[in-house]
Amino acid sequence: MSNAPTTDPCDACGDPTTDALSRTVRLSVDRANIDTQRLCPDCFADWIQRYQDRLGSGQESDGSSEIIVD
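Definitions and cut-offs
Residues numbered from 1 in each chain as written. Predicted model: local features only at pLDDT ≥ 70, side-chain atom pairs only at ≥ 80, totals over all residues. Heavy atoms only, no water. Helix = DSSP H or I, 4+ residues; strand = E, 2+ residues; numbered from the N terminus. Buried < 20%, exposed > 50% of the residue type's maximum accessible area, 1.4 Å probe, protein only. Contact = heavy atoms within 4.5 Å. Phe/Tyr/Trp six-rings, centres within 6.5 Å; stacked < 30°, edge-to-face > 60°.

Draft legend 1. Structural detail: the environment of Thr 7. Checked against the element boundaries, Thr 7 lands in the segment before β1 (23-29). With relative accessibility at 43%, the residue Thr 7 sits in the partly exposed group. Separated by 15 residues in the primary sequence, Thr 7 and Ser 22 place their C-alpha atoms 9.8 Å from one another. Leave out the neighbours within four places in its chain, and Thr 7 touches Thr 17, Asp 19 and Arg 38.

Pasting the structure below:
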């Protein structure tokens, strides 16, 4: 891991994660925050894979998705 100071742990695995490496996943419905998770890079990659497996339509995307990852 890097020598950068750690802050909060990953919500999935509990490992300490630097701010520079962490990803925040927010679930909002009608602009209301339902859930927020701080994830390390490995858990974020797992989350993306699960999303694609469970919610993906299996069709090619035209780029007009309402899902925003920032």
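Moving on, there is more to tell.
Draft legend 2. Up close: the packing of aromatic side chains. Applying the stated criterion across every chain, the model contains two aromatic pairs. For the ring pair Trp 47 and Tyr 51, a centre distance of 6.0 Å and an interplane angle of 15° mean the geometry is stacked. With Trp 47 and Tyr 51 both in helix α1 (residues 41-55) and four residues apart, this pair spans about one turn of that helix. Residue classification places Trp 47 among the partly exposed positions, given a relative accessible area of 24%. On the basis of relative accessibility, which here comes to 26%, the residue Tyr 51 falls in the partly exposed class. By the ring-pair criterion, three or more aromatic residues cluster together here, those being Phe 44, Trp 47 and Tyr 51.

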